[in-house]
Amino acid sequence: MSPIAKRWIILGLVLFGSFMVLGFFGREVYRQAPPIPEKVVTSDGRVLMTEDDILTGQQVWQRMGGMQIGSIWGHGAYQAPDWSADWLHREATALLDIYSQKEYGQPFAGLEVEKQGGLKERLKREMRTNTFDPRTKTVTVSEARAAAMADTAKHYLALFGDDPALAGLRESYALQNNAAPDEAKRALMTHFFFWTAWACATERPGLGVTYTNNWPHEPLIGNQPTSANVLWSIVSIVLLIAGIGVLVWYKAFKEKHEEPPEPPKTDPLDGFALTPSMKAAAKYAVTVIALFILQALLGALTAHYTVQGDSFYGLPLADYIPYVVSRTWHIQLAVFWIATAFLAAGLFLAPAVGGQEPRFQRLGVNVLFVALVVVVLGSMAGEWASVKGFFGLDSGFWFGHQGYEYVDLGRAWQIALFTGLVLWLVLMLRALWPALKRRDNMRQIALLFAGSGAAIGLFYASGFFYGSRTHLTVMEYWRWWVVHLWVEGFMEVFATAVMAFIFTKLGLVRASSAISAALLSTAIFLVGGIPGTFHHLYFSGTPVSIMAVGATFSALEVVPLALIGFEAWETYKTSGRASWMEKYRWPTRFFLGVAFWNLVGAGLFGFMINPPVALYYMQGLNTTPVHGHAALFGVYGLLALGLVLIILRRLRPQEAWKEAPLRLAFWSMNIGLGLMIALSLLPIGLAQAAASIDTGLWYARSAEFLQQPVIEYLRWARFVGDTVFLVGVGALAYFVAGLKFGWSYVRQEKMLERKKLVEAAEAAR
């Protein structure tokens, strides 16, 4: 059996075993999710809410923007509070005051420490005790707690309405007036908030830890890291060190090092004639840049709302595009333009890999493009209309805003996008089919190309396994199939296949070496990446087994990233041996930037928040967007832009680019991203982490903490990084526009004149 065949078998076993783990423990997610009671009643039988009230309140929250304004269980936006942690703290303090007034006739804050200690123990006992009756499916609360719940609900009824007394707090939260205009529906949303907080405070039967594994940190009720949390954090760190050690040992002693092949005298890609469908894919590349520009501008606007929540330098822009809309569009457009770049790369390269143009391929490419434009514009319009309250609860989920981060677009638009991905997959496989039938090393690359393309096309369907009234824990399980497996997993595998094809065809690596390395890196990445999906679910109402699996396997995700920079650098050095590679210099540098941010953004910043004990204190803080920005743009964004530049380069291969704008774009975007993190996001995140450890998560996310002068200063400091980044975006847009209008390249006739002058000068010497 050949070494490549063995690696295919290893990859197959990894996929089978990893998905078995994901599926088996997914059953536990369903089975052990926090119960949603059919009724919540007081000790004398008064009904406070029903299961239908809680689920309808969940829909109200979704239509309002859901995870794009504040968060639940730590997942969502970082400007407003985490509503589950915020409710929990407000209810606890309200209950302490009720105890104190009843027993001592004064507020809790005015009591002696000894008396406070006694009431805290009573509070802890009452809130942590599980009163859910599995037989009647009823939760029973005391009259005192019912009063505290009602007092807490009043705050949210006022906050999500237009009460002028809370106008300042809404501005701090970047929350628009009348975010939930119907008072009856606002009341139902408070029931949903109560249930999410109830799961955070209530212990699982017989275990002594809450349904959310004692998250969030809330000293008032004794929520602190569990022993399992600490134990599996230690295990994850040990496994990371061991994994890196094994990989270094393999690289040093076991891997066979081959001399790179002698590069061809001329560009091998010049032998591929542009087909009609390849030319039609050009519009995708331009669309990627247009969506990227819009997404970057919306990111700057969203960042500004964190300091001026209801305006943009005095302009009432939030009346038309509130924070929840700008953040929704900013995140969704990132997924759209990066995914479009991958689709463009597949459509452009598939005929080159297959060696022929299938019939009606160009028509299919054009139909798919129109469909993508409709989905992008339609979903954005629907999200705006949903946040503005133009949809009902059910229609909002289908045509407006699902309320869940990264899968915000309405279900109808989601189905349309999936249909487009299936069409893309069909177009890809048609063009690849001749290569799949050949018996050579390029067939292996074509197989990986096709398999990863199929995963991109089909795994997006994971988002259809939940609805608007699905249990929040179950929804999170499937949402992360989309975000982690689709975006972070199989897109990376597809990119690996694309890079293997490009560098093989350029003659920089041997086909056998490229496919062998691609299969090995894919297997290593997925063995940690697939079960590692669970590291997003430590505190989402899942059992301890999810924490164990997530911590163990996700630590291994970092291992292949440790040496990816080395591999990228070795390939980059090889490219210098061929003079014609100069025209691919900047696309290659974008790929080199991917290697850097893979290690720093996905690796270092990812692992910073990955161990359970770290995430316990940091989930929902600005340490998460540190990882998010560095990984999503630094890795997938730069990779997408590099692929777009390859397409643009091949569309006019004979012309010399004027590369100064590209140089400015590359360095400005990378430096701007670094400044954005170093000057703002990371310092704020670390300050929040300290506050979360010392006081509690509710405080780290509160307006009281985030509106401190020093935090405000750090938010304004992001302007520096944003500005540098936007300069790079503008330079890239200028360069791409110049490819159309002529200022970004030297025309062939001028190149010939220069060549003749050089030759004449050499002859004269």
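In what follows, the structure referred to is the one given above.
Residues numbered from 1 in each chain as written. Predicted model: local features only at pLDDT ≥ 70, side-chain atom pairs only at ≥ 80, totals over all residues. Heavy atoms only, no water.

Caption draft 1: Just the overall build of the protein chain, in detail. From N to C terminus, the protein chain includes 28 helices and 8 strands. Taken over C-alpha atoms, the radius of gyration comes to 28 Å for the protein chain, in line with the 27 Å a tight globule of 765 residues would show. Sorting the 765 residues of the protein chain into buried and exposed places 60% on the buried side. Intrachain contacts of the protein chain at a sequence separation of at least 6 include 78% that bridge at least 24 residues. Split by element, the accessible area of the protein chain, about 29300 Å² in all, is 65% carbon and sulfur. (Helix = DSSP H or I, 4+ residues; strand = E, 2+ residues; numbered from the N terminus. Rg over C-alpha atoms; globule rule 2.2 N^0.38 Å. Buried < 20%, exposed > 50% of the residue type's maximum accessible area, 1.4 Å probe, protein only. Contact = heavy atoms within 4.5 Å. Areas by Shrake-Rupley, 256 points an atom, 1.4 Å probe, with all protein chains shown as cover.)

Caption draft 2: Structural view of helix H12 (residues 361–387). With 27 residues, H12 extends 39 Å between its outermost C-alpha atoms, agreeing within 8% with the 39 Å of an ideal straight helix rising 1.5 Å per residue. Just downstream of H12, Gly389 is the residue with a positive phi angle, here 85°. (Expected span 1.5 Å × (residues − 1).)

Caption draft 3: How the structure looks around the packing of helix H1 (residues 3–31) against helix H16 (residues 472–505). Put simply, H1 and H16 touch, their axes get as near as 10 Å, and they point 160° apart. Considering their axes alone, H1 and H16 lie roughly antiparallel with respect to each other. By crossing handedness, the relation of H1 to H16 is classed as right-handed. Between H1 and H16, the contacting residues are Leu15, Phe19, Leu22, Gly23, Gly26, Val29 and Tyr30 on the first element and Thr473, Val474, Tyr477, Trp478, Trp481, Leu485 and Phe490 on the second. (Axes fitted to C-alpha atoms, helices over the stretch in contact; angles between N-to-C directions. Parallel < 35°, antiparallel > 145°, perpendicular 65-115°, else oblique. Left-handed = near helix turned anticlockwise from the far one by under 90°.)

Caption draft 4: The environment of Gly243, seen in detail. Within the secondary structure, Gly243 is located in helix H8 (residues 227–254). Gly243 sits in the buried class, given a relative accessible area of 14%. Considering only alpha carbons, one finds Gly243 and Val559, 316 residues apart in sequence, at a separation of 5.9 Å.

Caption draft 5: Layout of helix H21 (residues 585–608). Between its terminal C-alpha atoms H21 stretches 33 Å, which fits the 34 Å expected from 24 residues at 1.5 Å a residue. Along H21, the sharpest kink reaches roughly 35°, centred on Trp597. Burial of H21 is extensive: 17 of the 24 residues sit out of reach of the surface. (Bend = angle between axes of the 7 residues up to and from the residue.)

Caption draft 6: Highlighting a nonpolar patch on the surface. Residues Met1, Ile9 and Leu13 make up a contiguous nonpolar surface patch of about 350 Å² in total accessible area. Checked against the element boundaries, Ile9 lands in helix H1. The exposure class of Ile9 is partly exposed, given its relative accessible area of 41%. (Patch = residues over 30% accessible without salt bridge, like charges linked within 9 Å, V, L, I, M, F, W, Y side chains within 5 Å. Salt bridge = Lys/Arg side-chain N within 4 Å of Asp/Glu carboxyl O.)

Caption draft 7: Region of interest: the sheet that holds strand S5 (residues 132–133). Taken in spatial order, the 4 strands of this open sheet run S2-S1-S6-S5, and their pairing is mixed. The two strands at the open ends of the sheet, each matched to only one other strand, are strand S2 (47–50) and S5. The pairing of strand S1 (residues 39–42) with strand S6 (residues 138–141) spans 4 bridges and is parallel. Among the inter-strand pairings, Val40 is bridged to a residue of S6, identified as Val139. This element, helix H5 (residues 143–159), spans S1, S2 and S6 of the sheet and lies at about 95° to S6. The sheet strands contacting helix H7 (residues 183–201) are S1, S2, S5 and S6, and the helix crosses S2 at an angle near 90°. (Pairing = 2+ DSSP bridges.)

Caption draft 8: Spotlight on the packing of aromatic side chains. According to the stated counting rule, one finds 51 aromatic pairs in the structure shown. Between Trp478 and Trp481 the ring centres are 5.0 Å apart and the planes differ by 45°, which places this aromatic pair in the tilted class. Of the two residues, Trp478 and Trp481 both sit in helix H16, 3 residues apart, roughly one turn of that helix. The two residues Trp478 and Trp481 agree in class, both being buried. Aromatic side chains Phe539 and Tyr616 sit 5.8 Å apart centroid to centroid with 75° between the ring planes, which places their arrangement in the edge-to-face category. In this pair, Phe539 sits in the loop between helix H17 (511–529) and helix H18 (544–557) while Tyr616 sits in helix H22 (residues 612–618), placing the two residues 77 residues apart along the sequence. Relative accessible area serves as the criterion here: at 0%, Phe539 is assigned to the buried category. (Phe/Tyr/Trp six-rings, centres within 6.5 Å; stacked < 30°, edge-to-face > 60°.)

Caption draft 9: Inspection of the pairing of S1 at higher detail. Two strands pair when backbone bridges link them, and S1 and S2 are joined in this way by 3 bridges, in the antiparallel orientation. Among the inter-strand pairings, Val40 is bridged to a residue of S2, identified as Met49. In sequence, S1 turns back onto S2 through a hairpin of 4 residues, with Gly45 there showing a positive phi of about 95°.

Caption draft 10: Geometry of the pairing of S6. As judged from the 2 bridges shared by S5 and S6, these two strands associate in the antiparallel manner. Note on S6: the bridge partner recorded for Phe132 is Val139. Adjacent in sequence and paired antiparallel, S5 and S6 are bridged by 4 residues, among which Lys137 carries a positive phi angle near 55°.

Caption draft 11: How the structure looks around the nonpolar core. Residues Trp61, Trp83, Phe160, Phe193, Trp337, Trp486 and Met669 are the most contacted members of the largest nonpolar core, which totals 246 residues. Among the elements that make up this core, the one with the highest residue count is H16 (24 residues). Core analysis: the second largest hydrophobic core is formed by 6 residues, Leu240, Leu247, Val558 and Phe607 among them. (Core = buried A, V, L, I, M, F, W, Y, C linked by side-chain atoms within 4.5 Å.)

Caption draft 12: Looking closely at the pattern of salt bridges. Enumeration over the complete set of coordinates arrives at 16 salt bridges. Arg652 is the partner of Glu655 in a salt bridge, and the nearest nitrogen-oxygen pair spans 2.9 Å. One continuous salt-bridge network, built from bridges that share partners, spans Arg27, Glu28 and Arg31.

Caption draft 13: Structural context of the side chain of Gln619. Relative to the assigned elements, Gln619 resides in the loop between H22 and helix H23 (623–651). Of the polar contacts made by the side chain of Gln619, one reaches the backbone oxygen of Trp73; its length is 2.7 Å. Ignoring anything within four residues of it in the chain, the contact list for Gln619 reads Trp73, Gly74, His75, Trp215, Phe539 and Leu697. (Polar contact = N/O pair within 3.5 Å; in protein donor to acceptor, adjacent residues only side chain to side chain.)

Caption draft 14: Examining unusual backbone geometry more closely. Geometrically, the link from Trp215 to Pro216 is a cis peptide bond, its omega value of 0° lying close to zero. Topologically, Pro216 is positioned in the loop between H7 and H8. Positioned with a positive phi, Lys137 is a non-glycine residue whose angle comes to about 55°. Here Lys137 is to be found in the loop between S5 and S6.

Caption draft 15: Main features of the packing of helix H10 (residues 282–305) against H12. Orientation of H10 relative to H12, taken along the N-to-C sense of each, is 15°, at an axis distance of 11 Å. Here H12 runs roughly parallel to H10, going by the angle between their axes. For the pair H10 and H12, the sense of crossing is left-handed. Only Val365, Asn366, Leu368, Phe369, Leu372, Val376 and Met380 of H12 make contact with H10, whose side of the interface consists of Lys283, Tyr284, Thr287, Leu291 and Leu294.

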